[in-house]
Amino acid sequence: MYLYQINYPQYEKQICFLEMKALFDDEIKDPLFFHWRDVDEGRSVFIKWKINILYQDDQFERLCQKLRQAQLYYEDFKVQYIKNATNHIDYKETLLICKTLAECMDGSCDMHKPKIIFAITKIHQQWIFGIYHQNNEAWRKHDDKPFTYSYSLSVRDARTCLNILMGQQLHKTLVDPCCGIGTVVLEALSMNINVKGYDINREVVRQAQKNLAYYQYENVIACRDMHTLEDNFDCAFMDIPYGVYTPITRQQQVDLIMSCRRLCSRALIITFEPMDDVIMKANFKILQRVQVSKQRFTRYIYVLD
């Protein structure tokens with residue numbers, strides 16, 4: 001069993017819980033939750049940490065006894081108290097709690113560069129002890145790619161939407177037929193997804209390829225018109241072009257959605273206005289639709305089958 005902590009700004013609450021449903025195949029309703037599924041904490045921008053639970057008890061002394069009986073041995077370990085909203089424990093008391101638990105284990109402590117971190121926390125009346133995993137936010141490195149545009153999908157949004165689309169099916173093939181500078185492709189490659197990216201703008205494709213090379217990824221992006229693609233993919237991710245860098249009409253946006261249906265059996269499409277009617281005319285079934293608004297900027301996210 002695992003204990004997870006998620007955190008989100010209010011305007012991203014809907015998309016956060018939609019991502020949790022995709023990752024856990026379950027309706028997650030609270031920021032702090034228990035689950036049997038082991039999800040890599042680094043996959044989501046919303047997961048702050050997880051605890052791989054080893055022992056739990058409603059009595060602290062009994063928890064200590066369990067640790068003594070287990071005769072755990074670790075070199076260079078650390079015990080850390082993890083705060084949560086269900087309980088408030090004084091800082092000095094948390095230090096004593098951690099010291100007591102460390103003394104129940106064999107080996108050596110290293111408070112500065114531990115090889116393994118054990119977590120102790122109290123959820124309501126239950127003490128939880130286990131191995132602590134903090135999200136290292138490795139995805140942030142893609143914020144520093146050489147080429148980007150102010151209107152491009154952000155790295156965190158791209159990663160979140162990829163998780164919603166792919167869930168636990170990372171083995172499935174993916175296409176981004178309007179990939180722009182490759183933000184989605186970069187995130188997919190970092191998750192070991194078999195992905196291809198295409199764009200009609202030759203200069204943008206050149207920049208996207210340089211972004212991949214910067215992180216030493218294989219080039220999987222080419223200059224192609226998606227209407228000419230003949231391959232079939234399991235999934236498609238399409239952030240509909242909105243005419244900022246490449247002029248596009250409403251009818252051309254409609255045509256892109258129609259072509260997307262031909263390429264895949266499942267899709268995630270992002271638009272800047274509601275396009276339910278067009279999506280349904282393309283014979284897509286809308287599984288979920290959420291909108292994310294930040295200041296005056298709104299994106300509509302469709303999960304389709």
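Note: the structure precedes this text.
It should be emphasised that the depicted structure is a prediction, and the values quoted were computed from it without experimental measurement. All residue numbers refer to position in the chain's written sequence, counted from 1. A pLDDT threshold of at least 70 governs which residues receive local features in this predicted model, and a stricter bar of 80 or more applies before side-chain atom pairs are shown or counted, although totals over entire chains, interfaces and linings include all residues. Water and hydrogen atoms play no part in the side-chain values, which are based on all heavy atoms of the structure.

1. Remarks on the overall build of the protein chain
Condition: Put simply, DSSP marks the helices as runs of H or I at least four residues long and the strands as runs of E at least two long, and each gets a number from the N terminus on. Each residue gets one of three labels from its accessible area relative to the maximum for its type: buried under 20%, exposed over 50%, partly exposed in between, using a 1.4 Å probe on protein chains only. In what follows, a contact means two residues having at least one pair of non-hydrogen atoms within 4.5 Å. We get accessible surface area from the Shrake-Rupley algorithm with a probe of 1.4 Å; when it comes to residues, only the shown protein chains can shield them. Charge counting follows a simple rule: Lys and Arg are positive, Asp and Glu are negative, and His as well as the terminal groups are ignored. Charged side chains are reduced to one point each, which is NZ for Lys, CZ for Arg, CG for Asp and CD for Glu.
Helix and strand counts for the protein chain come out as 8 helices and 14 strands. Per-residue burial over the protein chain gives 49% buried out of 305 residues. Within the protein chain, residue pairs in contact and separated by at least 24 positions form 69% of the contacts whose partners lie at least 6 positions apart. Element-wise, carbon and sulfur atoms account for 47% of the exposed surface of the protein chain, whose accessible area totals about 15500 Å². With 38 positive and 38 negative side-chain charges, the protein chain shows a separation of 2 Å between the mean positions of the two kinds.

2. With respect to the sheet that holds strand 1 (residues 2–6)
Basically, it comes down to this: In this scheme, strands are said to pair when DSSP sees at least two bridges between them. Every axis corresponds to a line fitted to the C-alpha atoms, with the helix fit spanning only the stretch in contact, and the corresponding angles, defined between N-to-C directions, vary from 0 to 180 degrees.
Pairing within the open sheet is mixed, and its 7 strands lie in the order 2-1-3-7-6-4-5. The outermost strands of the open sheet, each flanked by one partner alone, are strand 2 (32–35) and strand 5 (106–109). Neighbouring strand axes in the sheet, compared pairwise and without regard to direction, differ in orientation by 40 degrees on average. Pairing of strand 4 (residues 73–81) with strand 6 (residues 116–123), which is carried by 5 bridges, proceeds in the parallel orientation. Note that in strand 6 the partner of glutamine 80 across the bridge is alanine 119. Taken strand by strand, helix 2 (residues 60–70) contacts strand 3 (47–57), strand 6 and strand 7 (126–134), and its axis lies near 85 degrees from that of strand 3.

3. Focus on the pattern of salt bridges
How we decide: The salt bridge definition used is simple: a Lys or Arg side-chain nitrogen within 4 Å of an Asp or Glu carboxyl oxygen.
Here the structure, examined in full by the defined rule, presents 16 salt bridges. Linking arginine 62 and aspartate 57 is a salt bridge whose minimum nitrogen-to-oxygen distance equals 3.0 Å. For the salt bridge of aspartate 57 with lysine 66, the shortest nitrogen-to-oxygen distance reads 3.0 Å. It is possible to trace a salt-bridge network through shared partners that takes in Asp57, Asp58, Arg62 and Lys66.

4. Describing the packing of aromatic side chains
Any aromatic ring pair is given by two values, namely how distant the centres are and how the planes are angled relative to each other. The condition is simple: Put simply, two rings from Phe, Tyr or Trp (the six-membered ring, in Trp's case) pair if the centres are within 6.5 Å, and we call them stacked under 30 degrees between planes, edge-to-face over 60, tilted for the rest.
The full count for this structure, using the stated rule, is 11 aromatic pairs. A centroid spacing of 5.2 Å and a plane angle of 90 degrees characterise the contact between phenylalanine 24 and phenylalanine 33, whose relative ring orientation is edge-to-face. Centre to centre, the rings of phenylalanine 77 and phenylalanine 118 are 6.0 Å apart; their planes meet at 80 degrees, and the pair counts as edge-to-face. Of this pair, phenylalanine 77 sits in strand 4 while phenylalanine 118 sits in strand 6, and the two are 41 residues apart along the sequence. Under the relative-accessibility criterion, phenylalanine 77 is labelled buried at 1%. Phenylalanine 118 gets classed as buried once you look at its relative accessible area, which sits at 0%.

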